[in-house]
Amino acid sequence: MPLLQIEDLEVFYGDFRALHGLGLAVEEGQTVSIIGANGAGKSTLLKAITGLERQKKGVIRYAGADITTMRADLIARAGMTMVPEGRRLFATLSVEDNLRMGGAMGRKGPWTLPAIYALFPALQELRDVNAARLSGGQQQMVSIGRALMTNPRLLLCDEISLGLAPKIIQDIYRCFEAVKQSGVSVVLIEQNVTLACAAASYVYCLLEGRVSLAGDPRSLSMNEISAAYFGTEAHP
Amino acid sequence: MIWIETIANGIFLGGLYALIGLGLGFTFGVMKIVNIAQGDFIVAAAFIGLALAPWTPGAALLVVIPVAIIAFLIGLALQSLLINRVLGKDQIPQILLTFGIAIILRNGMVEWFGANSRSIPTGSLRFASFSVGGLRFGVLPALVLVIALCLFAALHWWLRHSRMGRTIVATADDYEVVQLLGVNYRRVYNIATGIALALSAIAGVLLGMRGSFTPYSGVDRLLIAFEVVIIGGIGSFWGMFAGGLILGVTQIVGLKFDPTAGLMYGHIVFFLILIFAPMGIAGLLRR
Ligand SMILES: Nc1ncnc2c1ncn2[C@@H]1O[C@H](COP(=O)(O)OP(=O)(O)O)[C@@H](O)[C@H]1O
Ligand SMILES: [Mg+2]
């Protein structure tokens, strides 16, 4: 049975339906990417899975349990967390206190403060600095570190490359090797198709709230992907 | 010399005003909620203090401890049973709710205690005084300032250095993200309202010892609280303390010039600050 399984998911903002009967699955230990243009519904999907978005229909199963209507904090306690879009650090707290907040619920596992500093050595010197003063790349490291500190079984990442320089993106993506090694399953949301395909063993493409393409990235052609991404006809 | 005494008395009173503002400012800072009933809770706490005062003979100030504990529990109940139900993007339900609670509290107090003016007895402390460099000051007003200062410092320290304090600060920053880390933000809100009401209750009891109160005093208290928070700059801890001092000093100095002025000069300063520095003292310093 997959670690995460979603069937017929619909999510609403008032009367507006952002997701239309979406389905996907993530196996334990797998890294899955979800790509799609701006407004396709990627963030909505993650907010629905983590319980932050509560106006929804369908079934979300995680680790064998139906979590469709479960409260967000209890879902997090069950081992699923997210690196939210735009990083969203606690702006009045220091780097280390941001990381500590991740460890606050006390889930056991390999991710501790020293482990995070080993993963992102740049953060060690910045530990007492106010999180709002960091550069974008440093903030993204703290946001990923904070999520890892919860010792998740499933980690969802929403556009962690957004607005960062290519060199920094490389540095940050390198951390996923260690994350995968520690046994964490990962879902990556990306607009950057190349990054998404390189990092994952399975990729879903979202278009206007529906899955427009799914498969192993090595078996998909760039042509197919771009047609599914932009909603145009694939041309031979 | 008389001016030094006057200003010192203004500072003593200002410490208490800061404490009155702290509950409101804390509630708004953490939950973005304006508790309209805060003023009436302050008065209710004074009545509870009045009822419990006979239990602490000889050490009148100790009565703030049981009153603060009772207020904390009331805060937990208020937030978990009522306010948490109306949270959302729309602020109006929460304002209406606390407005309704304020009216119920006020009329309940008139019903139970009558409309007479009361004061919490403090025994010999009431008229005790000390002198510094030939100037005489009341012991009680000075003690009240010290208590207010200690409470500000203690809350500030606790928010930064304790686990629960950090969780409250993080929840204030982003109540959605804390949920991704396993925090039940409603529970955090319950505790925050408990703390806010406990602080307000201490302010209420001290105010009831320094002066008098009736069931209708809540409106004045709420106004002072708003002015302190806005003069200080919303969200600024020590700005709020400075806001209280400014209000206290203005009021006492104003009364010296014009004994019938009441709170008028305080309101004028508040107005000027609202016009010329709408972000308050903290906003001025940040520039
Ligand atoms: N809070 C909201 N209220 C109303 N509509 C929203 C809200 N958030 C997102 N939407 C709409 O839902 C759709 C999907 O948005 P989103 O999930 O943010 O897309 P993506 O993350 O793929 O860019 C968009 O049409 C967007 O305008
Ligand atoms: Mg998005």
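Coordinates for the structure precede this section.
Only a predicted model underlies this, so the values are computations on that prediction, with no experimental measurement involved.

**Describing the site of ligand 1**
Residue and element names in this part refer to chain A. By nearness alone, every residue bordering ligand 1 is listed as Tyr13, Phe16, Ala18, Ala37, Asn38, Gly39, Ala40, Gly41, Lys42, Ser43 and Thr44. Between ligand 1 and Gly39, the relevant distance is 2.7 Å, taken from an oxygen atom to a main-chain nitrogen or oxygen of the residue. Contacts to ligand 1 include Thr44, whose side-chain N or O atom sits 2.4 Å from an oxygen atom. Taking 560 Å² as the accessible area of ligand 1 by itself, protein coverage stands at 61%. For the shell around ligand 1, the secondary-structure elements that each account for two or more residues are strand 2 (16-26) and helix 1 (42-50). If you tally residues by element for the shell around ligand 1, the top one is helix 1, at three residues.

**Digging into the interface of chain A and chain B**
Contacts between the two partners involve 23 residues from chain A and, on the opposite side, 17 residues from chain B. Across the pair Glu176(B) and Arg88(A) runs a salt bridge whose closest N-O atoms are separated by 2.8 Å. Linking chain A with chain B are seven residue pairs in polar contact (both at pLDDT 80 or more). Of all elements in the fold, only helix 2 (72-77), strand 6 (80-83) and helix 3 (95-103) of chain A reach the threshold of two or more residues within the side of chain A that touches chain B. Class assignment of the residues belonging to the side of chain A that touches chain B gives a composition of eleven nonpolar, five polar and seven charged.

**So, the pattern of salt bridges**
Under the criterion given, the structure shown has 16 salt bridges over all chains. The closest approach of N and O atoms between Glu96(A) and Arg127(A), which form a salt bridge, is 2.8 Å. Here Arg127(A) lies in the loop between helix 5 (121-125) and helix 6 (136-148) and Glu96(A) lies in helix 3, a separation of 31 residues in the sequence. A relative accessible area of 8% means that Glu96(A) is categorised as buried. Between Arg100(A) and Asp97(A) there is a salt bridge; the shortest N-O distance is 2.6 Å. You can see Arg100(A) and its partner Asp97(A) sitting in helix 3, three residues apart, about one turn around the helix. Look at the salt bridges and you will find they share partners, linking Glu96(A), Asp97(A), Arg100(A), Arg127(A) and Arg166(B) into a network.

**Focus: the coordination of the magnesium ion (ligand 2)**
Residues and elements named next belong to chain A. Every protein donor of the magnesium ion (ligand 2) is accounted for by Ser43 (OG) and Glu85 (OE), and the metal-donor separations fall at 2.0 to 2.5 Å. Residue Ser43 is located in helix 1, and its partner Glu85 is located in the loop between strand 6 and helix 3; the two are separated by 42 residues in the primary sequence. Given the relative accessible area of 16%, Ser43 is considered buried. Overall, the relative accessible area of 34% leaves Glu85 in the partly exposed class.

**Observations concerning the side chain of Thr171(B)**
Looking at the element boundaries, Thr171(B) is found in helix 6 (residues 163-173). Not counting the four nearest positions on each side in its chain, Thr171(B) is found in contact with Val30(B), Val178(B), Val183(B), Tyr185(B), Val188(B) and Tyr189(B).

**Some remarks on the pairing of strand 8 (residues 185-190) of chain A**
Looking along a regular strand, one sees side chains alternate from face to face of the sheet. Residue and element names in this part refer to chain A. The buried fraction of strand 8 amounts to six of the six residues, a majority that puts the element mostly inside the structure. Neither face of strand 8 is open: one carries Ser185, Val187 and Ile189, the other Val186, Leu188 and Glu190, and all of them are buried. Two elements, strand 3 (residues 31-36) and strand 8, share five bridges in a ladder whose sense is parallel. Pairing of Val32 across the sheet is with Val187, part of strand 8. Direction of pairing for strand 7 (residues 154-158) relative to strand 8: parallel, over a ladder of five bridges. Paired with Leu156 across the strands is Val187, a residue of strand 8. In terms of handedness, the path from strand 7 via helix 7 (residues 166-181) over to strand 8 forms a crossover that is right-handed.

**Digging into unusual backbone geometry**
Residues and elements named next belong to chain A. A positive phi angle is found at Asp8, which is not glycine, with a value near 50 degrees. Checked against the element boundaries, Asp8 lands in strand 1 (residues 4-13). Overall, the relative accessible area of 55% leaves Asp8 in the exposed class. Although it is not a glycine, Ala63 adopts a positive phi angle of roughly 50 degrees. On the secondary structure map, Ala63 appears in the loop between strand 4 (56-62) and strand 5 (65-66). Overall, Ala63 belongs to the partly exposed group, its relative accessible area being 39%.

**Structural notes on the packing of helix 10 (residues 237-257) of chain B against helix 11 (residues 264-276) of chain B**
Residue and element names in this part refer to chain B. Look at helix 10 against helix 11: their axes get within 7 Å of each other, and the N-to-C directions meet at 135 degrees. Classed by the angle they form, the pair helix 10 and helix 11 counts as oblique. As helix 10 runs across helix 11, the sense of the crossing is right-handed. Across from Ile246, Leu247, Thr250 and Gly254 in helix 10, the residues of helix 11 making contact are Tyr265, Gly266 and Val269. Classifying every residue of the contact of helix 10 with helix 11 by side-chain character gives four nonpolar, three polar and no charged.

**Regarding the sheet that holds strand 2 of chain A**
Residues and elements named next belong to chain A. Read across the open sheet, the four strands follow the order 2-1-4-5; overall the sheet is antiparallel. The outermost strands of the open sheet, each flanked by one partner alone, are strand 2 and strand 5. By the bridge criterion, six bridges tie strand 1 to strand 4 in an arrangement that is antiparallel. Within the sheet, the bridge partner assigned to Ile6 lies in strand 4 and is Ile60. Across the sheet, helix 1 is in contact with strand 1, strand 2 and strand 4; its angle to strand 1 comes to roughly 110 degrees.

**Some words on the nonpolar core**
Note that soluble globular proteins tend to have their nonpolar side chains buried in a common cluster. If you look at the biggest cluster of nonpolar residues, it comprises 92 residues, and the most contacted ones within it are Phe26(B), Leu206(B) and Met209(B). For this core, the leading source of residues is helix 8 (residues 185-210) of chain B, giving 17 residues. Beyond its immediate sequence surroundings of up to four residues, Leu206(B) is in contact with Leu16(B), Leu19(B), Leu61(B), Val64(B), Val144(B) and Ile147(B). By size, the runner-up hydrophobic cluster in this structure holds 35 residues, among which are Val95(A), Leu113(A), Leu155(A) and Leu164(A).

Procedures and definitions
- Residues numbered from 1 in each chain as written.
- Chains lettered and ligands numbered in written order.
- Predicted model: local features only at pLDDT ≥ 70, side-chain atom pairs only at ≥ 80, totals over all residues.
- Heavy atoms only, no water.
- Near = heavy atom within 4 Å.
- Polar contact = N/O pair within 3.5 Å; in protein donor to acceptor, adjacent residues only side chain to side chain.
- Areas by Shrake-Rupley, 256 points an atom, 1.4 Å probe, with all protein chains shown as cover.
- Helix = DSSP H or I, 4+ residues; strand = E, 2+ residues; numbered from the N terminus.
- Contact = heavy atoms within 4.5 Å.
- Salt bridge = Lys/Arg side-chain N within 4 Å of Asp/Glu carboxyl O.
- Nonpolar A, V, L, I, M, F, W, Y, C, P; charged D, E, K, R; others polar.
- Buried < 20%, exposed > 50% of the residue type's maximum accessible area, 1.4 Å probe, protein only.
- Donors = N, O, S within 2.8 Å, 3.2 Å for Na, K, Ca; no water.
- Pairing = 2+ DSSP bridges.
- Right-handed = clockwise from strand over helix to strand, strands pointing away.
- Axes fitted to C-alpha atoms, helices over the stretch in contact; angles between N-to-C directions.
- Parallel < 35°, antiparallel > 145°, perpendicular 65-115°, else oblique.
- Left-handed = near helix turned anticlockwise from the far one by under 90°.
- Core = buried A, V, L, I, M, F, W, Y, C linked by side-chain atoms within 4.5 Å.

Note that every value here comes from positions in space, so none of it alone points to a role or purpose.
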